[in-house]
Amino acid sequence: PDRHHRLSTYSIIDPTIAIAATPISRSKSIGRVNPATTSISVQQINSKMASTEPPITQQEIISTYRQMTSEMQSLIQQLTKAEMERNEHRLVEETLEPLDPDRRAFRLVGGVLVERTVREVLPSVKENRVNLDTLTKHIEKKLEEKRKETFAWKTKYNIKTQEEMEAAQKQ
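Bear in mind that the values here come from a model prediction, so they are computed numbers and not experimental data.

Caption draft 1: Spatial organisation of the overall build of the protein chain. On a plain count of helices and strands, the protein chain comes out with 4 helices and 5 strands. For the protein chain, the α and β elements follow one another from N to C terminus as β-β-α-α-β-β-α-β-α. Split into buried and exposed, the 171 residues of the protein chain put 27% on the buried side. Once local pairs closer than 6 in sequence are excluded, the contacts in the protein chain between residues at least 24 apart make up 56%. When the accessible area of the protein chain is evaluated, it comes to approximately 11,900 Å², of which 53% is carbon and sulfur surface.

Caption draft 2: Quick look at the nonpolar core. Of all hydrophobic cores here, the largest spans 7 residues; its members are Ile56, Ile61, Tyr65, Met68, Trp153, Tyr157 and Ile159. Ranked by residues supplied to this core, first place goes to helix α2 (residues 58-96) with 3 residues.

Caption draft 3: Representation of unusual backbone geometry. Positioned with a positive phi, Asn158 is a non-glycine residue whose angle comes to about 50°. Judged by relative accessible area, Asn158 falls into the buried class, the value being 8%.

Caption draft 4: Region of the structure containing the side chain of His89. Here His89 shows up in helix α2. Engagement of the side chain of His89 in a polar contact is seen with the backbone oxygen of Glu85, the distance being 2.9 Å.

Caption draft 5: Expanded view of the pairing of strand β4 (residues 112-117). In this structure, strand β3 (residues 104-109) lies alongside β4, joined through 6 bridges in antiparallel fashion. Among the inter-strand pairings, Phe106 is bridged to a residue of β4, identified as Glu115. The antiparallel hairpin formed by β3 and β4 contains 2 residues in its connecting segment, where Gly110 sits at a positive phi of about 60°.

Thresholds applied
- Residues numbered from 1 in each chain as written.
- Predicted model: local features only at pLDDT ≥ 70, side-chain atom pairs only at ≥ 80, totals over all residues.
- Heavy atoms only, no water.
- Helix = DSSP H or I, 4+ residues; strand = E, 2+ residues; numbered from the N terminus.
- Buried < 20%, exposed > 50% of the residue type's maximum accessible area, 1.4 Å probe, protein only.
- Contact = heavy atoms within 4.5 Å.
- Areas by Shrake-Rupley, 256 points an atom, 1.4 Å probe, with all protein chains shown as cover.
- Core = buried A, V, L, I, M, F, W, Y, C linked by side-chain atoms within 4.5 Å.
- Polar contact = N/O pair within 3.5 Å; in protein donor to acceptor, adjacent residues only side chain to side chain.
- Pairing = 2+ DSSP bridges.

Here it is as structure tokens:
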């Protein structure tokens, strides 16, 4: 009967992520927990959470952590794509600036190659680069916020990746 209230030293749900947990029983009182020095259990986490919040399981903790890391990866991909496009626009801008403004320039618009002059194309290329600069800064800000949120979640629930667990065992 008490086996449902005990956890192993590490409850591993995913081979790359684990939540540290210590065995506890119903009679054990739960005091202050220092995540840096003490492993915690899901029961301890749930008992410390506000009574209005529903209990959280290890699967929910890991699922939320995975979702957060997935969102970070998505933001990194968006940032990489925006930076590549920005660099392409910068290169085109640097190439067009020294040219004669009346020289022919070809621009791809919606899959159609359109003939224009450098005078007509250069302002739109500059505007697009500025917009990409703004987008890049916005994505970087969102990424930093997501990193902080993920780190706080990881710290709150004492989540360790497989690499972190192996590094701790080597020490």
